[in-house]
Amino acid sequence: MTATAQRNAFTNACPDEKAVFPRHVAIIMDGNGRWARERNLPRTEGHRKGVETLRKIVRHAAKRGIGFLTLYSFSSENWTRPEAEVSFLMGLLQRFVQRDLAELDRNNIKVRIIGERDGLSPEILSLLDEAETVTCDNSGMVLTVAFNYGARNELTRAVKSIVEAVVRGEISSEQVDEAMIASRLDTVALPDPDLIIRTSGEQRLSNFLLWQAAYAEFFFPSLNWPDFNEEAFDDALAVFAGRERRYGGLSGQAGG
Ligand code: IPE
Ligand code: IPE
Ligand code: MG
């Protein structure tokens, strides 16, 4: 099956279908620091190596026909790390955009950034804008980078924007429903994640996609992110294919 056919085949998945193939895979790329510590290297080496994994996995996911890949790259809580580590991570982001954006563009990948923009430096903001603008007309895999992202922050911004619209008289409180809330989240143009992978053996969301993960399947490989690879990604797809998603219904139920 071609990548496009694979993508289309799952666009209209019904609740009672086997999971088979995820339309949207989201990854919490964790374990860079532990990878480095195990090798007596500074944590920054783990982050550097982690960017190599990121490159590999983006290429591989596109090759596998994943429609939407979302990567958690920096959380709103990661600012609490030592300043030297934070500025190293900002430098990595800058180099990634400078070195990899052209290849992403050549591969027809559309980059989107989610997360809080307020408070980011003008340099970082212009990098994020550049990544989105250069690739905005592409029609291949959507690569969403969660940067300065925290789901509680995202939900708070969404609630504020709804309240403001009510106060302005543009909508009434009766009109507020799940679809409206979803439409005010940073992920407005994305389907909910079908599969969330977190590397390094940790089994928590750490403020990632709390609303969107309502019916996601989870996979927790023990590999640290720098050791994660194409084979491990395929393992995750295979595990997903064996899952049965019921969305609160009953096993084998055919559309009510
Ligand atoms: C993930 O690896 C990268 C970021 C959070 C930016 P960590 O840096 O969290 O690595 P560990 O969890 O300390 O091993
Ligand atoms: C989550 O990992 C954030 C990213 C991977 C970018 P953390 O390492 O920050 O999460 P905790 O602190 O272990 O929950
Ligand atoms: Mg971590």
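Shown above is the structure to which this text applies.
Residues numbered from 1 in each chain as written. Chains lettered and ligands numbered in written order. Predicted model: local features only at pLDDT ≥ 70, side-chain atom pairs only at ≥ 80, totals over all residues. Heavy atoms only, no water.

J.: Quick one: what's the story with the site of ligand 2, residue by residue and with numbers?
T.: By nearness alone, every residue bordering ligand 2 is listed as Ile28, Met29, Asp30, Tyr72, Ser73, Phe74, Asn78, Arg81, Arg198, Arg204 and Ser206. In this structure, an oxygen atom belonging to ligand 2 sits 3.3 Å away from a side-chain N or O atom of Asp30. Protein coverage of the free-state accessible area of ligand 2, which is 390 Å², stands at 76%. Top element by residues in the shell around ligand 2 is strand E2 (residues 68-75). It accounts for three residues. Along the lines of polarity and charge, the residues of the shell around ligand 2 split into four nonpolar, three polar and four charged. (Near = heavy atom within 4 Å. Polar contact = N/O pair within 3.5 Å; in protein donor to acceptor, adjacent residues only side chain to side chain. Areas by Shrake-Rupley, 256 points an atom, 1.4 Å probe, with all protein chains shown as cover. Helix = DSSP H or I, 4+ residues; strand = E, 2+ residues; numbered from the N terminus. Nonpolar A, V, L, I, M, F, W, Y, C, P; charged D, E, K, R; others polar.)

J.: Can you tell me about the environment of Val163, naming the residues and giving the values?
T.: Here Val163 lies in helix H6 (residues 151-167). We classify Val163 as partly exposed; its relative accessible area is 46%. In this structure, the C-alpha to C-alpha distance between Val163 and Arg55, residues 108 residues apart in sequence, is 40 Å. (Buried < 20%, exposed > 50% of the residue type's maximum accessible area, 1.4 Å probe, protein only.)

J.: Break down the packing of helix H4 (residues 83-106) against helix H5 (residues 122-134) for me, citing the residues and quoting the values.
T.: The N-to-C vectors of H4 and H5 enclose an angle of 15°; their axes lie 10 Å apart at closest approach. Classified by the interaxial angle, the pair formed by H4 and H5 is roughly parallel. Handedness of the crossing formed by H4 with H5: left-handed. For the pair H4 and H5, contact is made by Met90, Leu93, Gln94, Val97, Leu101 and Asp105 and by Ile124, Leu127, Leu128, Glu130, Ala131 and Val134, respectively. Looking at the contact of H4 with H5 residue by residue, the classes come out as nine nonpolar, one polar and two charged. (Axes fitted to C-alpha atoms, helices over the stretch in contact; angles between N-to-C directions. Parallel < 35°, antiparallel > 145°, perpendicular 65-115°, else oblique. Left-handed = near helix turned anticlockwise from the far one by under 90°. Contact = heavy atoms within 4.5 Å.)

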